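The chain contents come next:
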Amino acid sequence: MIPHVKNRPLMLQRFPNGIDKEGWVQQEIGKHFPDWIARVTVPKSKGHVTHPMANDKPSLLYLANQACITVHEWMSRVDKIDMPDLMIIDLDPGPSSSFSDVKRAARMTRALLDELSLPSFVKTTGSKGLHLAVPLKRRESFEEVHETASLIGEVLSAREPELVTTEFRKEKRRGRLFLDMHRNQYGQHAVAPYSVRALPGAPVSCPLDWDELSSSTLTAQTFTLKNVPRRLEGDGDPWREIKKRAVSLARARKALAEMG
DNA sequence: GGCACAT
DNA sequence: ATGTGCCAACGCCGG
DNA sequence: CCGGCG
């Protein structure tokens, strides 16, 4: 988990009284957090926020001991905070979507990314859907990445209008899977790879190999606190090469413009 | 979980 | 000594 | 302009 979250502003979901009791989300680092927890101050619409980071194992353990169940990460890193190194596509199933719809949507998104010569990685969210990630060389701003993701969403919803939608309003989705591209804006975040969710069974947002999508038993909650350690010991992290695959979006943006 | 602050 | 509040934020919408 | 909603 640490290589993935390292040097990213984090958002924490904490449940000191158990996941069946009230919890809260926390952006600002706690005043009592020890000074060996790295932090980063970023400008927000209203002033600035100092986020905690988890750059080493003791930091992650401290967060866990603070009843932080789920860690959400920014799409950029401290040394270039305005330039995301990830584009995230969130596949969020609607009430009338099955998980095989989610897998279909993931494959068709991957196919489009392939057409655009963009590398893609997939992970479970540990909740209901899947996340696709495109590693970036940090040549584009949040605005440009978000614009690109939105265009990708438009192409996909035009290709499969009965399966997916980019409609923000639930009432306009008609039960369809929501292609949420809004994670690619400044100040937004997504559940971090290998983070546990505050749900029964402790499901984990787990990086996958693409061929694992063909498993008929796979769901967003297949991987858990219980079974992920052994999985990592065995096969390692399916995303270990993600950084090396980073690309610029320049060509893809040109190609998308031509698709209309 | 832990702190500031009120009672 | 014990209790309570606090620990996010953002676009969109209607009032 | 504000509060509630997603």
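Coordinates for the structure precede this section.
So, how was this worked out
- Residues numbered from 1 in each chain as written.
- Chains lettered and ligands numbered in written order.
- Predicted model: local features only at pLDDT ≥ 70, side-chain atom pairs only at ≥ 80, totals over all residues.
- Heavy atoms only, no water.
- Helix = DSSP H or I, 4+ residues; strand = E, 2+ residues; numbered from the N terminus.
- Rg over C-alpha atoms; globule rule 2.2 N^0.38 Å.
- Buried < 20%, exposed > 50% of the residue type's maximum accessible area, 1.4 Å probe, protein only.
- Near = heavy atom within 4 Å.
- Polar contact = N/O pair within 3.5 Å; in protein donor to acceptor, adjacent residues only side chain to side chain.
- Nonpolar A, V, L, I, M, F, W, Y, C, P; charged D, E, K, R; others polar.
- Pairing = 2+ DSSP bridges.
- Core = buried A, V, L, I, M, F, W, Y, C linked by side-chain atoms within 4.5 Å.
- Contact = heavy atoms within 4.5 Å.
- Axes fitted to C-alpha atoms, helices over the stretch in contact; angles between N-to-C directions.
- Parallel < 35°, antiparallel > 145°, perpendicular 65-115°, else oblique.
- Left-handed = near helix turned anticlockwise from the far one by under 90°.

(A) A look at the overall build of chain A. Within chain A, the regular secondary structure consists of six helices and twelve strands. Taken against the 2.2 N^0.38 rule, which gives 18 Å for 260 residues, the C-alpha radius of gyration of chain A at 18 Å falls within 12% of a compact globule. A principal-axis box enclosing the C-alpha atoms of chain A has dimensions of 50 × 40 × 40 Å. With 260 residues in all, chain A has 54% of them scored as buried.

(B) Molecular detail of the protein's contact with DNA strand C. Residues in contact with DNA strand C, as listed here, are Trp-24, Val-25, Gln-26, Gln-27, Glu-28, Ser-45, Val-49 and Arg-169. Close to the protein, within 4 Å, the atoms of DNA strand C belong to sugar or phosphate groups at a rate of 52%. Gln-27 is positioned such that a nitrogen or oxygen atom in its backbone is 3.1 Å from a phosphate oxygen of DNA strand C. In the model, a phosphate oxygen of DNA strand C is placed 3.0 Å from a nitrogen or oxygen of the Glu-28 main chain. Residue composition of the surface near DNA strand C, by class: three nonpolar, three polar and two charged.

(C) Broad picture of the pairing of strand 4 (residues 48-52). Among the five residues that make up strand 4, four are buried, leaving the element largely enclosed by the rest of the structure. In this sheet, strand 4 lies alongside strand 3 (residues 39-43) in antiparallel orientation, the contact comprising five bridges. Bridged to Thr-41 within strand 4 is Thr-50.

(D) Structural view of the nonpolar core. Met-87, Ile-89, Leu-91, Leu-118, Leu-130, Leu-132 and Ile-152 are the most contacted members of the largest nonpolar core, which totals 43 residues. Of all elements in the fold, only strand 6 (86-92), helix 3 (99-115), strand 8 (130-135), helix 4 (142-159), strand 10 (177-180) and helix 6 (250-259) reach the threshold of two or more residues within this core. Here this core takes seven residues from helix 3, the largest share from any one element. With sequence-adjacent residues up to four places away left out, Ile-152 is seen in contact with Met-87, Ile-89, Leu-112, Leu-113, Leu-116, Met-181 and Leu-256. Ranked by size, the runner-up nonpolar core spans 13 residues in total, among them Leu-12, Ile-29, Ile-37 and Ala-192.

(E) Representation of the packing of helix 3 against helix 4. Contact pair helix 3 / helix 4: the axes reach a minimum separation of 11 Å and the direction vectors enclose 125 degrees. Taken together, the axes of helix 3 and helix 4 are oblique relative to one another. Note on packing geometry: the crossing formed by helix 3 with helix 4 is right-handed. In this structure, helix 3 contributes Met-108, Thr-109, Leu-112, Leu-113 and Glu-115 to the contact, and helix 4 contributes Ile-152, Val-155, Leu-156 and Arg-159. Of the residues that constitute the contact of helix 3 with helix 4, the class distribution is six nonpolar, one polar and two charged.

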